Amino acid sequence: MDLVQYIKDHSQPLLPVETAEKPLLPVFQGIKAVVFDIYGTMMISAAGDICQAGEGASPEKGIAKALLEAGAGTVEPSVALNRYRDLIRLALEEQLAEFPEMEIREVWETLLAEIGINPKLAPYACVAYECVTNPVWPMPGLTDCLERIRSRGRILGVVSNAQFYTPLIFPALTEKTLEEHGFDSRSMIFSHHFKEGKPSPKLYNILLSRMAERNIHPSEILYVGNDRLKDVWPAGLLGIRTVLFAGDQRSLRWHENDQRLIGVAPDAVITHLDQVNDLLS
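All values reported here derive from a predicted model rather than from experimental measurement.

Caption draft 1: Structural context of the sheet that holds strand β8 (residues 268–270). The 6 strands lie next to each other as β5-β4-β1-β6-β7-β8, forming an open sheet whose pairing is parallel. Two strands close off the open sheet at either side, each with one partner strand: β5 (183–190) and β8. Averaged over all neighbouring strand pairs, the angle between strand axes comes to 25°, with direction disregarded. Inspection of the sheet shows strand β1 (residues 33–36) paired to strand β4 (residues 155–160) by 4 bridges, in the parallel sense. In the sheet register, F36 faces β4, and the bridge partner there is V158. Packing against the sheet, helix α6 (residues 142–151) makes contact with β1, β4 and β5, and its axis sits at approximately 155° to β1. Contacts between helix α9 (residues 201–212) and the sheet are confined to β1, β4, β5 and β6 (221–225), with β5 contributing the most and set at about 155° to the helix.

This is how it looks when you write it as structure tokens:
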């Protein structure tokens, strides 16, 4: 199975659900790098974010599809789903981080091995599950937004909670890899590589250390994400300029009742990706 082709064949167009937010569009001076979140920011996410713990839309249908693609269609989906959730919980408990992340392929490898299926089929089962439980589609204006940023000489980067299949979404749905869109390979930070997820500052600190190699300081980085807890809070604490993407009700996360966020506000608010370029001097 070609995973990119599978994602393409099992994806359908989605439209963002408009929010009532008003744009806040200051012009930032001296920005040298623009860094994005993926789920809910660059990509419409039906679940609003990358899913953990076997949740998302229709997890029962997702696990049934995954088992079918792996050749285990006779296994009871509810039993497999419960074990899948247990394995995710155990994988997260093994991590010492405050905000642990797992490598989802390892979970699927264990699950498939337990039911007598070749664990090498884990990537295919995982992608099949994801296509059912968290359909995605490029946010309107994404390609043009990235091209304009790149044409203006800014570095493009990513800090995202993500799994191995996340980068595959781009060639599947935009016909270009992240690198072909102009993203710098050293400036793409994915949570599953480090077994730690947002809002941990670890991912942002890794980004900053790599940006420092280019003499780029935190205040010269613009970070665009849809979540005030996972994106605005940790990035802002490190001196990164923050932009809250408020273009889709599914993924907009203000976390208004979170006591950690008292006094935390984004430096800018956008409701469409083309507004990112309005923020650059």
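On we go from here.
Caption draft 2: Summary view of α9. If you check α9, its first and last C-alpha atoms are 16 Å apart, about what 12 residues at 1.5 Å a residue would give, namely 16 Å. Every buried residue belonging to α9 is among L203, Y204, I206, L207, L208 and M211, and all of these are buried. Residues of α9 that are buried make contact with β1, β4, β5, α8 (191–194), β6 and α10 (228–237). Its side-chain oxygen at 3.1 Å from the backbone nitrogen of K202, S200 defines the N-terminal cap of α9.

Caption draft 3: A look at the pairing of β6. Within β6, 5 of the 5 residues are buried, which leaves it mostly tucked inside the rest of the structure. Both faces of β6 are covered, namely the face carrying I221, Y223 and G225 and the face carrying L222 and V224. Across 4 bridges, the pairing between β1 and β6 is parallel. Opposite A33, over in β6, you have I221 as the bridge partner. Here 4 bridges tie β6 to strand β7 (residues 241–245), and the two strands are oriented parallel to one another.

Caption draft 4: Local environment of the pairing of β5. Among the 8 residues of β5, 6 are classified as buried, and the element is accordingly described as predominantly covered. In this region the chain leaves β4, passes through helix α7 (residues 169–174) and returns to the parallel neighbour β5; the handedness of that crossover is right-handed.

Caption draft 5: Spotlight on the state of the cysteines. Within this structure, the stated rule accounts for 0 disulfides. Unpaired in terms of disulfides, C126 finds its nearest cysteine sulfur in C131, a separation of 9.6 Å.

About the cut-offs
Throughout, a residue's number is its position along its own chain's written sequence, starting from 1. Predicted model: local features are reported for residues with pLDDT of at least 70 only, side-chain atom pairs are reported and counted for 80 or more only, and whole-chain, interface and lining totals are derived from all residues. Computation of side-chain values: all heavy atoms of the structure, hydrogens and water removed. Paired strands, as defined in this entry, are two strands with at least two bridges between them according to DSSP. Numbering of helices and strands runs from the N terminus; a helix is a DSSP stretch of H or I covering at least four residues, while a strand is a stretch of E covering at least two. Between N-to-C directions, angles cover 0 to 180 degrees, with each direction set by a line fitted to C-alpha atoms, over the stretch in contact for helices. Between two residues, a contact is recorded if the distance between any of their heavy atoms is within 4.5 Å. Here the expected span of a helix is defined as 1.5 Å times the quantity of residues minus one. Think of it in three bands: residues with accessible area under 20% of the maximum for their type are buried, residues over 50% are exposed, and the middle band is partly exposed, with areas taken using a 1.4 Å probe on protein chains only. Two N or O atoms form a polar contact when they lie within 3.5 Å of each other; inside protein one atom must be a possible hydrogen donor and the other a possible acceptor, and for residues adjacent in sequence the pair counts only when both atoms belong to side chains. The handedness of a crossover follows from its direction of travel: if, with the strands pointing away from the viewer, the path from the first strand over the helix to the second runs clockwise, the crossover is right-handed. The disulfide definition used here is simple: a pair of cysteine sulfur atoms within 2.5 Å.

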